[in-house]
Amino acid sequence: MERSPQPVSAIYPGSFDPLTNGHLDVISRGARLFERLTVSVLRNAAKEPLFSVDERVAMLREVLSHLPNVEVDCFEGLLVRYATQKNATVIVRGIRAVSDYEYELQMALMNRRLEPAIETVFLMAGEAFSFISSRLVKEVYHLGGDIGALVPPAVELRLRQKTLKPTC
Ligand code: PNS
């Protein structure tokens, strides 16, 4: 495969419900590697998120405003179709631990089958972030634990403003 002389545009897709410091670490690494990085929130009618897509996009824009080659967007439908529309040739995904590998491998191979011209690139988040997930952040916050070191301050503020529904 020949190396493209063009600047490389990459997509970092995800739920980001909410953005964590682990995501932020992957985004900073991706922004250094690629000329353009689009962080894109999946619009997924099947999930019941804590933050709406608009809220997540607003949070991402606020937190990422210092990164000039990073834009924030949302998408629905097939990721590879969206990436093609954005002229992106790379999908970025973060890997925290071996437990992420199977799911990520499956998605990467499916995306390659659907669109061979798009490569998935895995970035390792720093080890300090390897245990952080959006799901656990919400759980710890809901139970009154300190999440100050797990999410950017703007996200912690939005979490405080949100009334979490009881889970039972
Ligand atoms: O942060 P997440 O929830 O692990 O992100 C998952 C995401 C958004 C990357 C994945 O669900 C996705 O790409 N959805 C789009 C639908 C799609 O293209 N599916 C087929 C390829 S696996």
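A quick note: this is a predicted structure, and the numbers were derived from the prediction, not measured.

The rules behind these values
Residues numbered from 1 in each chain as written. Predicted model: local features only at pLDDT ≥ 70, side-chain atom pairs only at ≥ 80, totals over all residues. Heavy atoms only, no water. Phe/Tyr/Trp six-rings, centres within 6.5 Å; stacked < 30°, edge-to-face > 60°. Buried < 20%, exposed > 50% of the residue type's maximum accessible area, 1.4 Å probe, protein only. Salt bridge = Lys/Arg side-chain N within 4 Å of Asp/Glu carboxyl O. Helix = DSSP H or I, 4+ residues; strand = E, 2+ residues; numbered from the N terminus.

Moving on to the packing of aromatic side chains. Given two aromatic rings, one states the distance between the centres and the angle between the planes to describe the pair. Evaluation of the coordinates by the stated rule reveals two aromatic pairs. Ring plane angle 80 degrees and centroid distance 5.3 Å describe the contact between Tyr 12 and Phe 16, whose orientation is recorded as edge-to-face. We classify Tyr 12 as buried; its relative accessible area is 5%. What makes Phe 16 buried here is its relative accessible area of 3%. Look at Phe 75 and Tyr 82: their rings are 4.9 Å apart centre to centre, the planes differ by 20 degrees, and that puts the pair in the stacked class. Like Tyr 82, Phe 75 is buried.

Taken as a whole, this structure holds twelve salt bridges when the rule is applied. Taking the shortest distance from any N to any O, the salt bridge between Glu 62 and Arg 158 comes out at 2.7 Å. In this pair, Glu 62 sits in helix H2 (residues 53-63) while Arg 158 sits in helix H6 (residues 153-161), placing the two residues 96 residues apart along the sequence. According to the relative accessible area criterion, Arg 158 is partly exposed, its value standing at 22%. The residue Arg 135 makes a salt bridge to Glu 139 at a minimum N-O spacing of 3.7 Å. In this pair, Arg 135 and Glu 139 are both assigned in helix H5 (residues 134-142), four residues apart and thus about one turn of the helix distant. Taking the relative accessible area as the measure of exposure, Arg 135 reaches 58% and is therefore exposed. Connected through salt bridges with shared partners, the residues Asp 17, Arg 56 and Lys 138 form a single ionic network.

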